[in-house]
Amino acid sequence: MSRFSQFATLLEPYDLTFLAGTPYVYHCHHFNLFHDQTIDDAVGEKAGFELRARAARDAFVPLLQALFERLGATTAAEKVDIAQDLFASMGQGRLAIELGPDGTVRGRGAHLHYGFAWREKYGERVKRAFPADAVAAGLVAAVAELTAQSAGPWTASETQCVGMRAPACEISGKQGDSHGRRRVADQAAFERYLGESTGGLHEETISAIADGLQGFVRGASGDDRGLMQAFNVFVTQHFSSYYADTGFAAVKLVEAVSPAVAGSCEELLREAGHVCVFNTFGNILMSPEWEGMVGPLKGDAEEIVQGCAAIARGLGFGRWAIAEHEPGKRLVLRTQSNYEATSWLERYGKATHPRCYFMQGAAVAFMVLATRVDWAERPKLTQAYYDNLFRGKGLGFKMQSPRCLTMGDRETEIVVEAV
Amino acid sequence: MSYHGRSRNRDRCGSGVNLTLDTSCTDRRAFRTDLPTGTNVDDVAKGLAQATGADRVASVPGVISLRIGRDEVVLVARTGRVQIRVDAEIVRHERRLRAESLFVFLLQAVRAADVNNR
(Lines give C-alpha, C1' and ligand atoms only; values in the text may rest on other atoms or scores of the structure.)
Protein backbone atom coordinates (compact mmCIF):
# COMPACT_ATOMS: atom_id res chain seq x y z
CA MET A 1 0.00 0.00 0.00
CA SER A 2 1.41 3.41 -0.93
CA ARG A 3 1.54 6.59 1.11
CA PHE A 4 -1.18 7.97 -1.18
CA SER A 5 -3.75 5.30 -0.29
CA GLN A 6 -4.81 7.32 2.73
CA PHE A 7 -6.22 9.95 0.35
CA ALA A 8 -8.33 7.49 -1.65
CA THR A 9 -12.07 7.71 -1.09
CA LEU A 10 -15.04 5.70 -2.30
CA LEU A 11 -18.23 7.59 -3.06
CA GLU A 12 -20.98 5.30 -1.89
CA PRO A 13 -23.35 4.02 -3.08
CA TYR A 14 -22.06 4.94 -6.51
CA ASP A 15 -18.83 2.91 -6.64
CA LEU A 16 -16.84 5.90 -7.83
CA THR A 17 -13.32 6.36 -6.55
CA PHE A 18 -11.26 9.49 -5.96
CA LEU A 19 -7.71 10.27 -4.95
CA ALA A 20 -7.51 13.56 -3.08
CA GLY A 21 -10.64 14.64 -4.99
CA THR A 22 -9.46 13.50 -8.43
CA PRO A 23 -11.56 10.69 -9.97
CA TYR A 24 -9.75 7.51 -10.94
CA VAL A 25 -10.45 4.01 -12.18
CA TYR A 26 -8.41 0.89 -12.87
CA HIS A 27 -7.75 -0.19 -16.44
CA CYS A 28 -5.40 -2.79 -17.86
CA HIS A 29 -2.76 -2.44 -20.56
CA HIS A 30 -4.92 -4.05 -23.23
CA PHE A 31 -7.54 -1.37 -22.80
CA ASN A 32 -5.02 1.43 -22.38
CA LEU A 33 -3.20 0.57 -25.59
CA PHE A 34 -6.45 0.17 -27.52
CA HIS A 35 -7.84 3.46 -26.22
CA ASP A 36 -4.70 5.38 -27.15
CA GLN A 37 -4.62 3.76 -30.58
CA THR A 38 -8.23 4.87 -31.09
CA ILE A 39 -7.35 8.47 -30.27
CA ASP A 40 -4.35 8.37 -32.61
CA ASP A 41 -6.41 6.79 -35.40
CA ALA A 42 -8.98 9.55 -35.04
CA VAL A 43 -6.75 12.61 -34.91
CA GLY A 44 -3.32 11.42 -36.07
CA GLU A 45 -0.35 10.21 -34.03
CA LYS A 46 1.26 13.57 -33.29
CA ALA A 47 -1.99 15.34 -32.42
CA GLY A 48 -3.11 12.24 -30.54
CA PHE A 49 0.00 12.23 -28.38
CA GLU A 50 -0.41 15.93 -27.62
CA LEU A 51 -4.09 15.53 -26.78
CA ARG A 52 -3.37 12.64 -24.46
CA ALA A 53 -0.43 14.34 -22.80
CA ARG A 54 -2.56 17.42 -22.12
CA ALA A 55 -5.35 15.30 -20.66
CA ALA A 56 -2.87 13.61 -18.32
CA ARG A 57 -1.24 16.91 -17.36
CA ASP A 58 -4.60 18.55 -16.68
CA ALA A 59 -5.45 15.76 -14.24
CA PHE A 60 -1.99 15.57 -12.64
CA VAL A 61 -1.83 19.28 -11.83
CA PRO A 62 -4.81 19.46 -9.42
CA LEU A 63 -3.98 16.04 -7.95
CA LEU A 64 -0.36 16.97 -7.28
CA GLN A 65 -1.38 20.34 -5.86
CA ALA A 66 -3.69 18.56 -3.41
CA LEU A 67 -1.03 16.02 -2.48
CA PHE A 68 1.70 18.65 -2.03
CA GLU A 69 -0.57 20.48 0.36
CA ARG A 70 -1.63 17.40 2.32
CA LEU A 71 1.92 16.06 2.55
CA GLY A 72 3.44 19.44 3.32
CA ALA A 73 5.74 19.55 0.28
CA THR A 74 7.13 23.01 -0.32
CA THR A 75 10.50 22.54 -2.02
CA ALA A 76 10.95 21.50 -5.63
CA ALA A 77 12.82 18.36 -4.54
CA GLU A 78 9.95 17.31 -2.27
CA LYS A 79 7.45 17.91 -5.06
CA VAL A 80 9.44 15.89 -7.57
CA ASP A 81 9.76 13.06 -5.05
CA ILE A 82 6.00 12.95 -4.52
CA ALA A 83 5.28 13.10 -8.24
CA GLN A 84 7.66 10.22 -9.01
CA ASP A 85 6.29 8.11 -6.17
CA LEU A 86 2.70 8.81 -7.16
CA PHE A 87 3.37 7.79 -10.76
CA ALA A 88 5.00 4.54 -9.68
CA SER A 89 2.28 3.75 -7.14
CA MET A 90 -0.32 4.14 -9.91
CA GLY A 91 1.41 1.42 -11.90
CA GLN A 92 2.43 3.97 -14.55
CA GLY A 93 6.12 3.21 -14.16
CA ARG A 94 9.10 4.66 -12.37
CA LEU A 95 10.06 7.95 -13.96
CA ALA A 96 13.14 9.86 -12.80
CA ILE A 97 12.41 13.57 -13.15
CA GLU A 98 15.27 16.01 -13.29
CA LEU A 99 14.97 19.76 -12.92
CA GLY A 100 17.94 21.30 -14.70
CA PRO A 101 19.70 24.44 -13.46
CA ASP A 102 18.86 26.14 -16.74
CA GLY A 103 15.13 25.64 -16.17
CA THR A 104 14.88 22.47 -18.25
CA VAL A 105 12.76 19.55 -17.07
CA ARG A 106 13.42 15.99 -18.18
CA GLY A 107 12.10 12.56 -17.35
CA ARG A 108 13.62 9.14 -17.89
CA GLY A 109 12.29 5.66 -17.26
CA ALA A 110 12.85 2.17 -18.62
CA HIS A 111 9.54 0.73 -17.43
CA LEU A 112 6.83 3.20 -18.28
CA HIS A 113 3.48 1.43 -18.50
CA TYR A 114 2.54 2.28 -22.07
CA GLY A 115 5.86 1.76 -23.83
CA PHE A 116 6.71 -1.30 -21.78
CA ALA A 117 3.30 -2.94 -22.18
CA TRP A 118 3.23 -2.13 -25.88
CA ARG A 119 6.58 -3.83 -26.36
CA GLU A 120 5.42 -6.85 -24.37
CA LYS A 121 2.16 -7.18 -26.32
CA TYR A 122 3.17 -6.19 -29.85
CA GLY A 123 6.94 -5.75 -29.88
CA GLU A 124 7.78 -9.09 -31.49
CA ARG A 125 5.41 -8.51 -34.41
CA VAL A 126 5.08 -4.77 -35.01
CA LYS A 127 7.60 -1.97 -35.31
CA ARG A 128 6.34 1.12 -33.55
CA ALA A 129 7.11 4.45 -35.20
CA PHE A 130 5.79 6.88 -32.60
CA PRO A 131 6.32 7.18 -28.84
CA ALA A 132 3.67 5.76 -26.51
CA ASP A 133 4.06 7.48 -23.15
CA ALA A 134 1.83 10.53 -23.30
CA VAL A 135 0.77 10.02 -19.68
CA ALA A 136 4.37 10.26 -18.53
CA ALA A 137 4.77 13.38 -20.69
CA GLY A 138 1.74 14.79 -18.90
CA LEU A 139 3.38 14.18 -15.55
CA VAL A 140 6.60 15.89 -16.61
CA ALA A 141 4.62 18.91 -17.86
CA ALA A 142 2.65 19.04 -14.62
CA VAL A 143 5.76 18.85 -12.45
CA ALA A 144 7.42 21.53 -14.57
CA GLU A 145 4.46 23.85 -14.10
CA LEU A 146 4.25 23.24 -10.36
CA THR A 147 7.96 23.74 -9.71
CA ALA A 148 8.76 26.50 -12.23
CA GLN A 149 9.33 30.06 -11.13
CA SER A 150 7.14 31.45 -13.89
CA ALA A 151 3.46 30.63 -14.06
CA GLY A 152 1.64 28.96 -16.93
CA PRO A 153 1.23 25.49 -18.41
CA TRP A 154 4.00 23.39 -19.95
CA THR A 155 3.96 20.68 -22.56
CA ALA A 156 6.29 17.71 -22.87
CA SER A 157 7.30 15.35 -25.64
CA GLU A 158 8.83 11.89 -25.64
CA THR A 159 12.05 11.76 -27.63
CA GLN A 160 12.94 8.10 -26.98
CA CYS A 161 10.51 5.28 -26.22
CA VAL A 162 10.94 1.69 -25.07
CA GLY A 163 8.04 0.84 -27.36
CA MET A 164 10.29 1.92 -30.25
CA ARG A 165 13.08 -0.33 -28.95
CA ALA A 166 15.00 2.38 -27.14
CA PRO A 167 16.64 1.19 -23.89
CA ALA A 168 14.70 3.83 -21.94
CA CYS A 169 12.02 6.44 -22.47
CA GLU A 170 13.18 10.07 -22.51
CA ILE A 171 10.79 12.95 -21.96
CA SER A 172 11.51 16.61 -22.27
CA GLY A 173 9.41 19.53 -21.02
CA LYS A 174 8.82 22.81 -22.80
CA GLN A 175 7.33 25.94 -21.30
CA GLY A 176 4.14 27.34 -22.77
CA ASP A 177 1.01 25.81 -24.28
CA SER A 178 -1.22 27.78 -26.61
CA HIS A 179 -4.14 25.50 -25.71
CA GLY A 180 -3.87 26.46 -22.05
CA ARG A 181 -4.79 24.12 -19.24
CA ARG A 182 -8.35 22.88 -18.86
CA ARG A 183 -10.12 22.07 -15.64
CA VAL A 184 -11.02 18.39 -15.31
CA ALA A 185 -14.17 17.08 -13.62
CA ASP A 186 -13.41 16.61 -9.93
CA GLN A 187 -15.34 14.92 -7.15
CA ALA A 188 -17.58 17.95 -6.67
CA ALA A 189 -18.52 17.82 -10.37
CA PHE A 190 -19.28 14.11 -10.13
CA GLU A 191 -21.54 14.70 -7.14
CA ARG A 192 -23.50 17.36 -9.06
CA TYR A 193 -24.62 14.90 -11.73
CA LEU A 194 -25.49 11.84 -9.66
CA GLY A 195 -29.00 10.46 -9.90
CA GLU A 196 -30.58 8.53 -7.06
CA SER A 197 -28.84 5.17 -6.81
CA THR A 198 -31.41 2.40 -7.24
CA GLY A 199 -29.38 -0.81 -7.57
CA GLY A 200 -30.72 -3.82 -9.44
CA LEU A 201 -31.02 -7.61 -9.46
CA HIS A 202 -28.71 -9.79 -7.33
CA GLU A 203 -27.50 -6.75 -5.40
CA GLU A 204 -26.30 -8.73 -2.42
CA THR A 205 -24.07 -11.02 -4.49
CA ILE A 206 -22.73 -8.26 -6.72
CA SER A 207 -22.01 -5.86 -3.86
CA ALA A 208 -20.15 -8.50 -1.85
CA ILE A 209 -17.86 -9.33 -4.76
CA ALA A 210 -17.36 -5.67 -5.63
CA ASP A 211 -16.39 -4.91 -2.03
CA GLY A 212 -13.77 -7.66 -2.12
CA LEU A 213 -12.32 -6.40 -5.39
CA GLN A 214 -12.28 -2.80 -4.19
CA GLY A 215 -10.36 -3.85 -1.10
CA PHE A 216 -7.88 -5.78 -3.21
CA VAL A 217 -7.16 -3.05 -5.75
CA ARG A 218 -6.96 -0.40 -3.04
CA GLY A 219 -4.08 -2.36 -1.52
CA ALA A 220 -2.33 -2.89 -4.85
CA SER A 221 0.59 -0.71 -5.83
CA GLY A 222 3.43 -0.55 -8.31
CA ASP A 223 6.48 -2.79 -7.86
CA ASP A 224 10.11 -1.64 -7.83
CA ARG A 225 9.74 -0.70 -11.52
CA GLY A 226 6.48 1.13 -10.89
CA LEU A 227 4.52 -1.56 -12.72
CA MET A 228 1.37 -2.95 -11.15
CA GLN A 229 0.60 -6.54 -12.08
CA ALA A 230 -2.65 -8.12 -11.01
CA PHE A 231 -4.85 -10.82 -12.52
CA ASN A 232 -2.12 -11.46 -15.12
CA VAL A 233 -2.35 -8.01 -16.65
CA PHE A 234 -0.52 -4.74 -16.17
CA VAL A 235 -2.97 -2.57 -14.28
CA THR A 236 -2.97 1.18 -13.90
CA GLN A 237 -4.71 3.38 -11.44
CA HIS A 238 -5.67 6.03 -13.94
CA PHE A 239 -7.61 9.24 -14.35
CA SER A 240 -11.12 8.69 -15.59
CA SER A 241 -10.85 12.15 -17.15
CA TYR A 242 -7.95 10.91 -19.29
CA TYR A 243 -10.15 8.35 -21.00
CA ALA A 244 -13.28 10.46 -21.18
CA ASP A 245 -11.71 13.75 -22.23
CA THR A 246 -9.47 12.26 -24.92
CA GLY A 247 -12.22 10.01 -26.26
CA PHE A 248 -14.79 12.77 -26.43
CA ALA A 249 -12.34 15.28 -27.86
CA ALA A 250 -11.46 12.82 -30.62
CA VAL A 251 -15.12 12.19 -31.47
CA LYS A 252 -15.94 15.91 -31.46
CA LEU A 253 -13.01 16.62 -33.74
CA VAL A 254 -14.02 13.91 -36.20
CA GLU A 255 -17.63 15.11 -36.09
CA ALA A 256 -16.44 18.60 -36.99
CA VAL A 257 -13.92 17.67 -39.67
CA SER A 258 -15.22 14.43 -41.18
CA PRO A 259 -18.80 13.88 -39.99
CA ALA A 260 -19.28 10.97 -42.38
CA VAL A 261 -16.82 8.83 -40.39
CA ALA A 262 -17.77 9.99 -36.89
CA GLY A 263 -19.80 6.82 -36.44
CA SER A 264 -16.65 4.75 -36.93
CA CYS A 265 -14.90 6.70 -34.19
CA GLU A 266 -17.82 6.08 -31.86
CA GLU A 267 -17.71 2.40 -32.72
CA LEU A 268 -14.03 2.23 -31.80
CA LEU A 269 -14.75 3.81 -28.42
CA ARG A 270 -17.43 1.16 -27.91
CA GLU A 271 -14.99 -1.51 -29.00
CA ALA A 272 -12.67 -0.33 -26.24
CA GLY A 273 -15.40 -1.66 -23.94
CA HIS A 274 -15.18 -5.04 -25.66
CA VAL A 275 -11.40 -5.09 -25.28
CA CYS A 276 -11.61 -4.25 -21.60
CA VAL A 277 -14.27 -6.81 -20.76
CA PHE A 278 -12.68 -9.58 -22.81
CA ASN A 279 -9.19 -9.13 -21.40
CA THR A 280 -9.49 -7.67 -17.92
CA PHE A 281 -12.87 -9.05 -16.92
CA GLY A 282 -12.13 -12.38 -18.58
CA ASN A 283 -8.81 -12.68 -16.78
CA ILE A 284 -10.35 -11.75 -13.45
CA LEU A 285 -13.14 -14.31 -13.86
CA MET A 286 -10.63 -17.10 -14.52
CA SER A 287 -8.06 -15.93 -11.99
CA PRO A 288 -7.11 -17.77 -8.81
CA GLU A 289 -8.11 -14.61 -6.93
CA TRP A 290 -11.67 -14.99 -8.23
CA GLU A 291 -11.65 -18.70 -7.41
CA GLY A 292 -10.56 -17.95 -3.85
CA MET A 293 -13.00 -15.13 -3.29
CA VAL A 294 -16.09 -16.34 -5.19
CA GLY A 295 -15.42 -20.01 -5.96
CA PRO A 296 -14.48 -21.91 -9.13
CA LEU A 297 -16.13 -20.47 -12.19
CA LYS A 298 -19.01 -22.62 -13.43
CA GLY A 299 -19.59 -20.43 -16.44
CA ASP A 300 -23.37 -20.08 -16.58
CA ALA A 301 -24.68 -16.88 -18.09
CA GLU A 302 -26.10 -15.40 -14.90
CA GLU A 303 -22.85 -15.97 -13.04
CA ILE A 304 -20.87 -14.25 -15.79
CA VAL A 305 -23.15 -11.22 -16.05
CA GLN A 306 -23.30 -10.78 -12.27
CA GLY A 307 -19.56 -11.21 -12.06
CA CYS A 308 -18.99 -8.61 -14.76
CA ALA A 309 -21.25 -6.09 -13.01
CA ALA A 310 -19.28 -6.65 -9.81
CA ILE A 311 -15.94 -6.22 -11.58
CA ALA A 312 -17.07 -2.94 -13.14
CA ARG A 313 -17.91 -1.65 -9.68
CA GLY A 314 -14.71 -3.02 -8.21
CA LEU A 315 -12.64 -1.13 -10.76
CA GLY A 316 -14.44 2.14 -10.04
CA PHE A 317 -16.50 2.38 -13.24
CA GLY A 318 -19.67 3.23 -11.28
CA ARG A 319 -22.59 1.31 -9.82
CA TRP A 320 -23.54 -0.70 -12.87
CA ALA A 321 -26.74 -2.58 -12.01
CA ILE A 322 -28.59 -5.39 -13.77
CA ALA A 323 -32.17 -4.28 -14.37
CA GLU A 324 -33.14 -7.29 -16.47
CA HIS A 325 -31.36 -10.38 -17.67
CA GLU A 326 -32.74 -13.14 -19.84
CA PRO A 327 -29.73 -15.35 -20.54
CA GLY A 328 -28.73 -15.34 -24.19
CA LYS A 329 -31.56 -13.02 -25.13
CA ARG A 330 -31.63 -9.73 -23.31
CA LEU A 331 -29.66 -7.70 -20.80
CA VAL A 332 -30.59 -4.30 -19.42
CA LEU A 333 -27.86 -2.47 -17.52
CA ARG A 334 -28.51 0.74 -15.66
CA THR A 335 -26.38 3.20 -13.76
CA GLN A 336 -26.89 6.54 -12.11
CA SER A 337 -23.15 7.11 -12.02
CA ASN A 338 -20.33 6.59 -14.45
CA TYR A 339 -17.16 8.41 -15.33
CA GLU A 340 -18.02 9.13 -18.93
CA ALA A 341 -21.17 11.14 -18.29
CA THR A 342 -19.70 13.65 -15.85
CA SER A 343 -16.83 14.49 -18.16
CA TRP A 344 -19.17 14.93 -21.11
CA LEU A 345 -21.64 17.15 -19.21
CA GLU A 346 -18.87 19.30 -17.78
CA ARG A 347 -17.27 19.84 -21.20
CA TYR A 348 -20.15 19.92 -23.64
CA GLY A 349 -23.49 20.13 -21.77
CA LYS A 350 -26.36 17.81 -22.65
CA ALA A 351 -25.70 15.47 -25.54
CA THR A 352 -28.16 14.96 -28.37
CA HIS A 353 -27.56 11.22 -28.49
CA PRO A 354 -26.20 8.68 -25.96
CA ARG A 355 -22.47 9.11 -25.39
CA CYS A 356 -21.59 6.55 -22.72
CA TYR A 357 -19.58 4.65 -25.33
CA PHE A 358 -17.43 2.57 -23.02
CA MET A 359 -20.38 1.29 -21.02
CA GLN A 360 -22.32 0.60 -24.23
CA GLY A 361 -19.51 -1.57 -25.56
CA ALA A 362 -18.94 -3.24 -22.22
CA ALA A 363 -22.63 -4.21 -21.91
CA VAL A 364 -22.52 -5.98 -25.26
CA ALA A 365 -19.32 -7.73 -24.23
CA PHE A 366 -21.02 -8.95 -21.02
CA MET A 367 -23.52 -10.81 -23.20
CA VAL A 368 -20.85 -12.14 -25.55
CA LEU A 369 -18.82 -13.52 -22.63
CA ALA A 370 -21.97 -14.92 -21.01
CA THR A 371 -23.28 -16.74 -24.06
CA ARG A 372 -20.48 -17.44 -26.52
CA VAL A 373 -17.57 -18.45 -24.29
CA ASP A 374 -17.25 -22.04 -23.10
CA TRP A 375 -15.73 -21.31 -19.69
CA ALA A 376 -15.44 -24.98 -18.78
CA GLU A 377 -12.86 -25.29 -21.56
CA ARG A 378 -10.68 -22.65 -19.86
CA PRO A 379 -10.21 -20.64 -23.05
CA LYS A 380 -7.01 -18.73 -23.63
CA LEU A 381 -7.78 -15.07 -24.01
CA THR A 382 -5.72 -14.53 -27.12
CA GLN A 383 -6.07 -11.93 -29.84
CA ALA A 384 -7.26 -14.69 -32.19
CA TYR A 385 -10.02 -15.65 -29.78
CA TYR A 386 -10.97 -12.00 -29.35
CA ASP A 387 -11.18 -11.61 -33.13
CA ASN A 388 -13.32 -14.71 -33.34
CA LEU A 389 -15.76 -13.47 -30.71
CA PHE A 390 -15.92 -9.78 -31.54
CA ARG A 391 -14.78 -9.28 -35.12
CA GLY A 392 -15.88 -12.44 -36.89
CA LYS A 393 -19.36 -13.24 -38.11
CA GLY A 394 -20.95 -10.53 -36.02
CA LEU A 395 -21.50 -10.07 -32.35
CA GLY A 396 -24.92 -11.68 -32.31
CA PHE A 397 -26.31 -8.81 -30.26
CA LYS A 398 -27.63 -5.33 -30.91
CA MET A 399 -27.41 -2.49 -28.43
CA GLN A 400 -29.43 0.63 -27.79
CA SER A 401 -29.41 3.19 -25.02
CA PRO A 402 -32.88 4.65 -24.50
CA ARG A 403 -31.69 6.85 -21.64
CA CYS A 404 -28.28 8.34 -21.02
CA LEU A 405 -26.73 10.49 -18.32
CA THR A 406 -24.88 12.43 -21.02
CA MET A 407 -28.27 13.55 -22.38
CA GLY A 408 -29.31 14.84 -18.98
CA ASP A 409 -31.39 11.76 -18.12
CA ARG A 410 -31.36 10.61 -14.51
CA GLU A 411 -29.63 7.38 -15.48
CA THR A 412 -27.96 5.55 -18.32
CA GLU A 413 -29.87 2.51 -19.52
CA ILE A 414 -28.36 0.11 -22.02
CA VAL A 415 -30.39 -2.64 -23.62
CA VAL A 416 -28.59 -5.52 -25.32
CA GLU A 417 -30.68 -7.99 -27.30
CA ALA A 418 -29.88 -11.07 -29.37
CA VAL A 419 -30.33 -10.70 -33.11
CA MET B 1 2.66 -34.95 -28.57
CA SER B 2 1.37 -31.54 -27.61
CA TYR B 3 3.27 -28.92 -25.70
CA HIS B 4 0.93 -29.53 -22.79
CA GLY B 5 1.29 -33.26 -22.92
CA ARG B 6 5.07 -33.08 -22.92
CA SER B 7 5.25 -30.84 -19.92
CA ARG B 8 2.71 -32.94 -18.06
CA ASN B 9 4.94 -35.99 -18.26
CA ARG B 10 8.18 -34.17 -17.56
CA ASP B 11 6.89 -32.38 -14.50
CA ARG B 12 5.21 -35.23 -12.71
CA CYS B 13 8.13 -35.78 -10.33
CA GLY B 14 6.24 -38.50 -8.57
CA SER B 15 3.94 -36.15 -6.66
CA GLY B 16 0.88 -36.32 -8.89
CA VAL B 17 1.22 -32.62 -9.41
CA ASN B 18 1.52 -31.24 -12.95
CA LEU B 19 2.52 -27.89 -14.39
CA THR B 20 0.54 -26.66 -17.38
CA LEU B 21 0.13 -23.38 -19.19
CA ASP B 22 -2.77 -21.54 -17.55
CA THR B 23 -5.45 -19.42 -19.16
CA SER B 24 -4.57 -15.76 -19.44
CA CYS B 25 -4.37 -12.95 -21.95
CA THR B 26 -0.60 -12.71 -21.66
CA ASP B 27 1.86 -14.78 -23.64
CA ARG B 28 3.21 -17.79 -21.71
CA ARG B 29 3.42 -16.05 -18.39
CA ALA B 30 0.82 -17.93 -16.32
CA PHE B 31 1.27 -21.56 -15.36
CA ARG B 32 -1.06 -23.74 -13.35
CA THR B 33 -0.84 -26.61 -10.98
CA ASP B 34 -3.35 -28.12 -8.59
CA LEU B 35 -2.24 -29.40 -5.23
CA PRO B 36 -3.30 -32.91 -4.23
CA THR B 37 -6.61 -33.04 -2.38
CA GLY B 38 -6.14 -32.60 1.34
CA THR B 39 -2.90 -30.65 1.06
CA ASN B 40 -2.61 -27.94 3.67
CA VAL B 41 -2.23 -24.88 1.45
CA ASP B 42 -1.07 -22.67 4.32
CA ASP B 43 1.77 -25.07 5.08
CA VAL B 44 2.78 -25.22 1.43
CA ALA B 45 2.83 -21.42 1.23
CA LYS B 46 4.94 -21.21 4.37
CA GLY B 47 7.38 -23.80 3.06
CA LEU B 48 7.62 -22.09 -0.30
CA ALA B 49 8.20 -18.70 1.31
CA GLN B 50 10.89 -20.15 3.53
CA ALA B 51 12.69 -21.84 0.67
CA THR B 52 12.59 -18.93 -1.73
CA GLY B 53 12.59 -15.90 0.56
CA ALA B 54 9.25 -14.88 -0.92
CA ASP B 55 7.27 -11.96 0.44
CA ARG B 56 3.60 -12.43 1.13
CA VAL B 57 1.68 -9.66 -0.59
CA ALA B 58 -1.89 -8.44 -0.19
CA SER B 59 -4.57 -10.41 -1.99
CA VAL B 60 -8.26 -11.14 -1.75
CA PRO B 61 -9.67 -13.23 1.11
CA GLY B 62 -8.99 -16.93 0.66
CA VAL B 63 -5.91 -16.43 -1.50
CA ILE B 64 -2.23 -16.45 -0.57
CA SER B 65 0.00 -14.46 -2.87
CA LEU B 66 3.77 -14.76 -2.69
CA ARG B 67 6.19 -12.51 -4.55
CA ILE B 68 9.47 -14.16 -5.39
CA GLY B 69 11.68 -11.52 -6.94
CA ARG B 70 9.46 -10.24 -9.69
CA ASP B 71 7.59 -13.50 -10.14
CA GLU B 72 4.48 -14.40 -8.21
CA VAL B 73 2.91 -17.58 -6.91
CA VAL B 74 -0.79 -17.44 -6.07
CA LEU B 75 -2.40 -20.21 -4.01
CA VAL B 76 -6.14 -20.71 -3.52
CA ALA B 77 -6.85 -22.06 -0.06
CA ARG B 78 -10.21 -23.65 -0.77
CA THR B 79 -9.38 -25.44 -4.02
CA GLY B 80 -5.61 -25.94 -3.97
CA ARG B 81 -5.18 -24.23 -7.34
CA VAL B 82 -1.79 -22.62 -7.78
CA GLN B 83 -0.83 -20.13 -10.44
CA ILE B 84 2.81 -19.28 -11.14
CA ARG B 85 3.15 -15.90 -12.83
CA VAL B 86 6.44 -15.30 -14.55
CA ASP B 87 7.64 -11.73 -14.87
CA ALA B 88 7.18 -10.04 -18.23
CA GLU B 89 10.87 -9.22 -18.54
CA ILE B 90 11.77 -12.88 -18.84
CA VAL B 91 12.07 -13.53 -22.56
CA ARG B 92 9.33 -15.73 -23.94
CA HIS B 93 11.38 -18.85 -24.58
CA GLU B 94 12.69 -18.84 -21.01
CA ARG B 95 9.38 -18.32 -19.25
CA ARG B 96 8.53 -21.97 -18.95
CA LEU B 97 11.98 -22.68 -17.53
CA ARG B 98 11.49 -19.97 -14.91
CA ALA B 99 8.08 -21.39 -13.99
CA GLU B 100 9.59 -24.85 -13.68
CA SER B 101 12.31 -23.60 -11.34
CA LEU B 102 9.62 -22.21 -9.03
CA PHE B 103 7.60 -25.38 -9.47
CA VAL B 104 10.50 -27.39 -8.06
CA PHE B 105 10.39 -25.34 -4.86
CA LEU B 106 6.63 -25.76 -4.77
CA LEU B 107 6.93 -29.55 -5.03
CA GLN B 108 9.43 -29.59 -2.19
CA ALA B 109 7.02 -27.53 -0.09
CA VAL B 110 4.18 -29.93 -0.95
CA ARG B 111 6.24 -32.92 0.11
CA ALA B 112 7.29 -31.24 3.33
CA ALA B 113 3.69 -30.30 4.13
CA ASP B 114 2.64 -33.86 3.42
CA VAL B 115 5.28 -35.28 5.76
CA ASN B 116 4.33 -32.83 8.50
CA ASN B 117 0.67 -33.77 8.27
CA ARG B 118 1.23 -37.52 8.54
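Our subject is the structure listed above.
Residues numbered from 1 in each chain as written. Chains lettered and ligands numbered in written order. Predicted model: local features only at pLDDT ≥ 70, side-chain atom pairs only at ≥ 80, totals over all residues.

S.K.: Report on the sheet that holds strand β1 (residues 20-21) of chain B, specifying residues and quantitative values.
M.R.: All names here are of chain B. Reading across from one edge, β1-β2-β6-β5-β4-β3 is the order of the six strands in this open sheet, with antiparallel pairing throughout. Of all strands in the sheet, those bounded by a partner on one side alone are β1 and β3 (55-57). The sheet strands contacting helix α2 (residues 41-52) are β3, β4 (63-68) and β5 (71-76), and the helix crosses β4 at an angle near 10°. (Pairing = 2+ DSSP bridges. Helix = DSSP H or I, 4+ residues; strand = E, 2+ residues; numbered from the N terminus. Contact = placed C-beta atoms within 7 Å. Axes fitted to C-alpha atoms, helices over the stretch in contact; angles between N-to-C directions.)

S.K.: Residues and numbers for the pairing of strand β6 (residues 81-85) of chain B, please.
M.R.: Residues and elements named next belong to chain B. Most of β6 is tucked away, with five of its five residues classed as buried. Burial along β6 is two-sided: R81, Q83 and R85 facing one way and V82 and I84 facing the other are all buried. Bridge count between strand β2 (residues 30-34) and β6: five bridges; the pairing is antiparallel. Across the sheet, R32 pairs through a bridge with Q83, a residue of β6. One ladder, built from four bridges, connects β5 with β6; its direction is antiparallel. Following the sheet pairing, E72 is matched in β6 by R85. Hairpin connection from β5 to β6: four residues lie between these consecutive antiparallel strands, with G80 at a positive phi of about 80°. (Buried ≥ 20, exposed ≤ 12 C-beta atoms within 10 Å, placed from the backbone.)

S.K.: Would you mind going over helix α13 (residues 357-372) of chain A in detail, with residue names and values included?
M.R.: In this model α13(A) runs 22 Å from its N-terminal to its C-terminal C-alpha over 16 residues, within 8% of the 22 Å that 1.5 Å per residue would give. Burial of α13(A) is extensive: 13 of the 16 residues sit out of reach of the surface. (Expected span 1.5 Å × (residues − 1).)

S.K.: Outline unusual backbone geometry, listing residues and values.
M.R.: Residues and elements named next belong to chain A. Note the cis peptide between E12 and P13, where omega equals 0°. In this structure, P13 sits in the loop between β1 (8-11) and β2 (16-19). Even without being a glycine, D15 presents a positive backbone phi close to 55°. Relative to the helices and strands, D15 is located in the loop between β1 and β2. Residue classification places D15 among the buried residues on the basis of 26 C-beta atoms within 10 Å.

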